[in-house]
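Take a look at the letters that make up each chain.
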Amino acid sequence: PRPDLLVTGLDTAALGAPPFGKPTQPLAVRPSLYTKGDLEREKVKIMLASLAEGTNRTYDSAWRHWLQFCTGRKREPFLLGGEDNSKDEEELMNFVTYLAVALGQKYGTVKGKPMGVRSKHLTNGLPDPLAYKERLWLALRGLKRMSGATARKFPVTVEQLRWIRGQLSPFD
């Protein structure tokens, strides 16, 4: 095999590659990577590895909600910008308003939904649908202000844990 065709230095245990610094086998040994479908799956795996597993689940859920919203409005889910980018911003603002007002979701839940839409767009090689959407960010800040102050939770002290332990009976 030609040395210029070797893939080296990938440290992706999830993909079955050897540790960093050790050269991988030539691509000729892994013919399945030549097919477009296999390459696409591997690229998506690599991109998704940039986020925590929980974040990926949250973004997947956000995308499903976006799909339902778009289906109900009989529109395509991918925001491609184009000539009138304000339509995309309007649709995102409609989505955020729908989540907050119609579904009663709190700011902490709503703010992550556009990020899930963004993630799906970027993963699919599309432009960032949230870039230059100043009115959307204003709407999210407004929603946060309308939500009021977050109720603070206080940590349990050692003294409180000792008291709780003293109240427990091994025979209950």
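If you're wondering where the values come from, they're calculated on a predicted model, not measured in any experiment.

Trainee: I'd love a proper account of the overall build of the protein, names of residues and values included.
Mentor: Helices and strands together make up the secondary structure of the protein, namely seven helices and zero strands. The linear arrangement of helices and strands in the protein, starting from the amino end, is α-α-α-α-α-α-α. Within the protein, buried positions represent 22% of all 172 residues. By sequence separation, contacts in the protein at least 24 residues apart represent 50% of the contacts at least 6 residues apart. Accessible surface for the protein amounts to roughly 12,900 Å². Of this, 58% is attributable to carbon and sulfur atoms.

Trainee: Help me get a handle on helix 6 (residues 134–147), residues and values and all.
Mentor: The end-to-end C-alpha distance of helix 6, which contains 14 residues, comes to 20 Å, matching closely the 20 Å that a straight helix rising 1.5 Å per residue would cover. Taken together, the buried positions of helix 6 are L136, L140 and L143. Buried residues of helix 6, seen end-on, are gathered within an arc of 60 degrees and therefore sit on one face of the element. Along helix 6, the residues that are exposed and aim more than 90 degrees away from the buried face are E134, L138, R145 and M146. The elements touched by buried residues of helix 6 are helix 3 (85–102) and helix 4 (107–110). G148, located one to two residues past helix 6, shows a positive phi value of around 80 degrees.

Trainee: Outline the nonpolar core, listing residues and values.
Mentor: Among the nonpolar cores identified, the biggest contains 18 residues, and W66, L92, V110 and L136 are the most heavily contacted of them. Within the residue set of this core, elements represented by two or more residues are helix 2 (53–72), helix 3, helix 4 and helix 6. Apart from residues no more than four positions distant in its own chain, L92 is found in contact with W66, L79, V117, P129, L130 and L136.

Trainee: Describe the pattern of salt bridges, with residues and values.
Mentor: This structure, assessed with the given rule, holds nine salt bridges. Between E42 and K45 there is a salt bridge, with its nearest N and O atoms 3.7 Å apart. Of this pair, E42 and K45 are both found in helix 1 (residues 36–48), three residues apart, which corresponds to roughly one turn of the helix. E42 gets classed as partly exposed once you look at its relative accessible area, which sits at 21%. R73 is paired through a salt bridge with E91; the nearest N and O atoms lie 2.5 Å apart. One end of the pair, R73, is in the loop between helix 2 and helix 3; the other, E91, is in helix 3, and 18 residues separate them in sequence. Taking relative accessible area as the criterion, R73 reaches 42% and is therefore assigned partly exposed. By sharing partners, the salt bridges in this structure join R73, R75 and E91 into a single network.

Rules used throughout
- Residues numbered from 1 in each chain as written.
- Predicted model: local features only at pLDDT ≥ 70, side-chain atom pairs only at ≥ 80, totals over all residues.
- Heavy atoms only, no water.
- Helix = DSSP H or I, 4+ residues; strand = E, 2+ residues; numbered from the N terminus.
- Buried < 20%, exposed > 50% of the residue type's maximum accessible area, 1.4 Å probe, protein only.
- Contact = heavy atoms within 4.5 Å.
- Areas by Shrake-Rupley, 256 points an atom, 1.4 Å probe, with all protein chains shown as cover.
- Expected span 1.5 Å × (residues − 1).
- Arc of directions from axis to C-beta.
- Core = buried A, V, L, I, M, F, W, Y, C linked by side-chain atoms within 4.5 Å.
- Salt bridge = Lys/Arg side-chain N within 4 Å of Asp/Glu carboxyl O.

Don't take any of this as a statement about function, it's just geometry.
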